[in-house]
Structures are given as C-alpha cells and as structure tokens.
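Next come the chains, spelled out residue by residue.
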Amino acid sequence: MNMNYANTEYVKIDRQDRVITVQLHRPEARNALSSALMHELVDTLRPLDQDPSVGCFVITGSDRFFAAGADIKEMAAKSHMQVTAEDYFAGWEGFTSLRTPKIAAVAGYALGGGCELAMMCDIAFAAESARFGQPELALGVIPGIGGTQRLTGLVGKAKAMDLILTGRTMDAAEAERSGLVARVIPDAQLMAETQAAAVQIAAYSKPAVMAARECVDRALEGGLREGLLYERRVFHGLFATKDQREGMQAFLEKRAPRFTGR
C-alpha cells in the first residue's frame, strides 16, 4: 500500500505499507516548530501509534531545513507568567510518549528545537548536508525542549557544553562521531536508506520493538542495576506474546517469521 492521506496545514503524511513518513511543512518559516505544528504532528501520529498495522515513523523536513528551531515570533512577546501558565513546550511530551519507533531523517539545518526534535526520535540519520546546533543563548534563553538533557546524554558533558555555550553548529560527520546521529548518508540516498531501515524495524513484532526501545531509554534514565532488572522483566513478559512463540518456532524451522503484533 502506498498512499497519501491525513495531510494538515503543517504536516504531510505518506504511508508505504507499515511505514508512516511525516514531512514537516512550514517552508515560509524554515519549518519553525510552532505550537500549531506541534499539535498537528502529535494529533496526527497519536491514532497511528495505536494502529497495530503501523510499525515505524519517519520524521523529515525539506532539503535545506529539517527545522530551523522553535517559533521565535510566537514566543517573543510572551511573559514569564504566560509561558509558566501554559507550561510552554510541555506538549512535546505527547510526541516523545509515542511508542512506535521514530527515525529522524535530517537534511540541512536542525537548530534549536529542530535539533531537539531529532533527539526526541529513537534514531537520527543525517544527510551529509545536515548541520546541528543549540544556539538559544543568542536569544537570551536556554534550550527548552530537552536540549540540555538529551544532548548531554548523547554526546557527553564536554561536547554539550561546547555546543550550547558557544552556539556553534556541528556538521554531520562530527555529529556521528559524537553519538548524536547513527548514520551519515549522501543527501540523494537519505530517504531511501531511512525508509529501508524503517521497513526492517516495521517487519519485526511491534510489542517486541516497543519493549526494546523502552529498555534502551531506561538505560539512559537510571542506574545499571535498575536497568538490568527492568530489561529482564520486559524480556520475561514477551514470553506471553504469540510473536515470541512464532519467532522462535520460525527460527527452529529455518523459515521467515510471520509476526502479527500479538
């Protein structure tokens, strides 16, 4: 199945079998992450996240801008009381809470909120043209969608301090060396290679995939002993699924498994 559907003003959706590709679409604003874009993205993906026939999300932008940052025009006039009362940016937790794996396919600039959005995904692939940065100090603020936390966890204190305190950008090669992205891919092959990875992920048992990503996330959020226990209990729990029995039986029978997501 290959179909276009559910497009909104700022989000374009394409489905190919079990893979949903989401393109951010605010070309006049360099894909700045406004509240409206955030709500459209989350509201579009939330029901798809519950669909057992959906196995992976791919998040991308344009050739020049993955996302240039949060929407400064939207924020500039807000007061301290307003952003606090609104719990501004908290809506992005709806994106991070999606349990279907998310791959960011980044070409061009991923700055500020754009860099944070890439880090909110489970995997980030970068085109050779990609540039990453957290330049918020130039605006008199700090990263507010997890940049200080996720960036430090991915690249370490020294590199995170360098990027955040100087506001410089790093290219795709440095991003891969630092652990921010998983692969660097020629621009012309970015979407094809990302789609291939998404198809591979989507072919597995969805309950097992969701459990795996949650265990990896837990490794970054707690101590080793707690993480090992959590991983072991989730592993045990998967033996209650039909997919576990099918996967192991298929291995013993030397055939491809037929996963049903149950």
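See the structure above.
The notes below deal with the structure included here. Everything quoted here is computed from the prediction, not taken from an experiment.

What follows is about the packing of helix H6 (residues 147-155) against helix H7 (residues 157-166). Put simply, H6 and H7 touch, their axes get as near as 7 Å, and they point 135° apart. Relative to H7, H6 is oriented oblique. Between H6 and H7 lies a crossing whose hand is right-handed. Residue-level inspection shows Gly147, Thr148, Leu151, Thr152 and Val155 of H6 in contact with H7, the latter providing Lys157, Lys159, Ala160, Leu163 and Ile164.

Unlike most non-glycine residues, aspartate 17 shows phi in positive territory, near 55°. With respect to the helices and strands, aspartate 17 occurs in the loop between strand S2 (11-16) and strand S3 (19-24). Residue classification places aspartate 17 among the partly exposed positions, given a relative accessible area of 49%. Despite not being glycine, arginine 30 shows a phi value in the positive range, around 55°. By the secondary structure assignment, arginine 30 is in the loop between S3 and helix H1 (35-49).

With that out of the way, let us pick up the pairing of strand S4 (residues 56-60). Buried residues dominate S4, accounting for five of its five residues. In this region the chain leaves S3, passes through H1 and returns to the parallel neighbour S4; the handedness of that crossover is right-handed. As paired elements, S4 and strand S6 (residues 102-106) share four bridges and run parallel to each other. Opposite valine 58, over in S6, you have isoleucine 103 as the bridge partner.

About the criteria used
- Along every chain, residues carry numbers that run from 1 in the direction the sequence is written.
- The model is predicted, so local features are restricted to residues of pLDDT at least 70 and side-chain atom pairs to those at 80 or more, both for listing and for counting; the totals for chains, interfaces and linings are taken over all residues.
- Side-chain calculation: all heavy atoms of the structure are included, whereas hydrogens and water are not.
- Working convention: axes come from line fits to C-alpha atoms, limited for helices to the stretch in contact. Angles between N-to-C directions cover 0 to 180 degrees.
- A run of H or I in DSSP counts as a helix once it spans at least four residues, and a run of E counts as a strand once it spans at least two, with each numbered from the N terminus.
- In these notes the angle categories are as follows: under 35 degrees is roughly parallel, over 145 is roughly antiparallel, 65 to 115 is roughly perpendicular, and the rest is oblique.
- Helix crossings are classified by the rotation of the near helix relative to the far one: an anticlockwise turn of less than a right angle makes the crossing left-handed, while a clockwise turn makes it right-handed.
- Whether two residues touch is decided by their heavy atoms; if any such pair falls within 4.5 Å, the residues are in contact.
- Classification of residues uses two cut-offs on accessible area relative to the type maximum, computed with a 1.4 Å probe and protein chains only: under 20% is buried, over 50% is exposed, and between them is partly exposed.
- The definition of a right-handed crossover adopted here requires that, viewed with the strands pointing away, the path from the first strand over the helix to the second runs clockwise.
- DSSP-based pairing: two strands are paired if at least 2 bridges between them are found.

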